[in-house]
Amino acid sequence: MTTQSLRKSVLDMGHRIGRPVLVPPGAKFLVMALCALPVAVVGLSAATAAETISGPLAALWLGLLPVALYKRWATVALLFVAATLLVYALFALPFNSSAFIIDFWTSTLMLVLALPRRQQ
């Protein structure tokens, strides 16, 4: 495989995925905002230090969400916040606890909602 063919395949992949699009106002935006509420409740009612981390991550998600209406970099940052919350839930929280279940499923939903749409 030559350098040019590798470069062409990477450019083709980037073209298929497309640029990150702004978060559209409407029902999806409302669902994305409501996703952070269970995570924030877990963070605010935390009994251990490991559970308190989900509170600031939910605040970061809610802070970046209105910015993502106007700036493309914030749509990419939403992906990283959701992925960070998912990795944190998998490795830091005790398995099968209520905080783990809420953070895991909510962060998975946040990650799916923040994924960019494929260009037609």
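No experiment lies behind these values; they were computed from the predicted model shown.

## Considering helix α5 (residues 98-114)
Now for step 1: Here α5 is 17 residues long and its end C-alpha atoms lie 24 Å apart, about the 24 Å a rise of 1.5 Å per residue gives.
Now for step 2: Listed as buried for α5 are A99, F100, D103, T106, S107, M110, L113 and A114.
Now for step 3: The secondary structure elements touched by the buried residues of α5 are α2 (27-44), α3 (54-67) and α4 (72-92).

## Remarks on a nonpolar patch on the surface
Now for step 1: Side chains of L30, L34 and L37 sit close together on the surface and give an oily, nonpolar patch of about 280 Å² of accessible area.
Now for step 2: Mapped onto the fold, L34 is located in helix α2.

## Quick word on unusual backbone geometry
Now for step 1: Of note in the backbone geometry, N96 takes a positive phi value of approximately 70° without being a glycine.
Now for step 2: Mapped onto the fold, N96 is located in the loop between α4 and α5.
Now for step 3: Using a relative accessible area of 56% as the deciding quantity, one classes N96 as exposed.

## Considering α4
Now for step 1: In this model α4 runs 30 Å from its N-terminal to its C-terminal C-alpha over 21 residues, within 8% of the 30 Å that 1.5 Å per residue would give.
Now for step 2: Turning to α4, its buried residues are A74, T75, A77, L78, V81, A82, L85, L86, Y88 and A89.
Now for step 3: Here the buried face of α4 lies against α2, α3 and α5.

## Notes on the nonpolar core
The tendency in soluble globular proteins is for nonpolar side chains to be buried as a group.
Now for step 1: If you look at the biggest cluster of nonpolar residues, it comprises 27 residues, and the most contacted ones within it are M32, W61, L64, L78, L85, L93 and M110.
Now for step 2: Listing elements by their share of this core, those giving two or more residues are α2, α3, α4 and α5.
Now for step 3: If you tally residues by element for this core, the top one is α4, at eight residues.
Now for step 4: Each residue touching L93, except ones within four places of it in the same chain, is listed here: A50, E51, Y88, A99, F100 and D103.

## Regarding the side chain of S54
Now for step 1: Among the structural elements, S54 can be located in helix α3.
Now for step 2: Accessibility expressed as a relative area gives 0% for S54, which makes it buried.
Now for step 3: For S54, the side chain forms a polar contact with the main-chain oxygen of E51, separated by 2.8 Å.
Now for step 4: Filtering out sequence-adjacent residues up to four positions away, S54 remains in contact with V39, V42, G43, L85, Y88 and D103.

## Thoughts on the environment of F80
Now for step 1: Position of F80 relative to the elements: it lies in helix α4.
Now for step 2: Residue classification places F80 among the exposed residues on the basis of a relative accessible area of 59%.
Now for step 3: C-alpha of F80 to C-alpha of W61: the two residues are 19 residues apart in sequence and 9.7 Å apart in space.

## Details of the packing of α2 against α3
Now for step 1: Two elements in contact, α2 and α3, have axes separated by 7 Å at closest approach and are oriented at 160°. Relative to α3, the element α2 is oriented roughly antiparallel. Handedness of the α2/α3 crossing: left-handed. Counted together, F29, M32, A33, A36, V39, A40, V42 and G43 of α2 and S54, G55, A58, W61, L62, L65 and P66 of α3 form the full contact between these two elements.

Analysis parameters
- Here, residues in each chain are numbered from 1, in the same order as that chain's written sequence.
- pLDDT decides what is reported in this predicted model: residues at 70 or higher carry local features, side-chain atom pairs at 80 or more are listed and counted, and totals for whole chains, interfaces and linings draw on all residues regardless.
- Computation of side-chain values: all heavy atoms of the structure, hydrogens and water removed.
- Runs of H or I in DSSP of at least four residues are treated as helices and runs of E of at least two as strands, each being numbered from the N terminus.
- Here a helix's expected span is defined as the number of its residues, less one, multiplied by 1.5 Å.
- Using a 1.4 Å probe on the protein chains alone, a residue whose accessible area is under 20% of its type maximum counts as buried, one over 50% counts as exposed, and one in between counts as partly exposed.
- When checking whether two residues touch, look at their non-hydrogen atoms; a contact exists if any pair is within 4.5 Å.
- Residues enter patches when their relative accessible area tops 30% and they take part in no salt bridge; the joining distance is 9 Å for like charges and 5 Å for the nonpolar side chains Val, Leu, Ile, Met, Phe, Trp and Tyr.
- All accessible areas in this document rest on Shrake-Rupley with a 1.4 Å probe, and a residue is counted as covered only by the protein chains that are shown.
- When a carboxyl oxygen of Asp or Glu lies within 4 Å of a side-chain nitrogen of Lys or Arg, that pair is called a salt bridge.
- In plain words, nonpolar cores are sets of buried Ala, Val, Leu, Ile, Met, Phe, Trp, Tyr and Cys residues tied together by side-chain atoms within 4.5 Å.
- Polar contacts, as counted here, are pairs of nitrogen or oxygen atoms within 3.5 Å of one another; within protein the pair requires one atom able to donate a hydrogen and one able to accept it, and residues that are adjacent in sequence qualify only if both atoms are side-chain atoms.
- Only C-alpha atoms enter the line fits that serve as axes; for helices the fit covers just the stretch in contact. Angles between N-to-C directions range over 0 to 180 degrees.
- An angle below 35 degrees is read as roughly parallel, one above 145 as roughly antiparallel, one from 65 to 115 as roughly perpendicular, and any other as oblique.
- The handedness criterion is simple: a crossing whose near helix is rotated anticlockwise from the far helix by less than a right angle is left-handed, and one whose near helix is rotated clockwise is right-handed.

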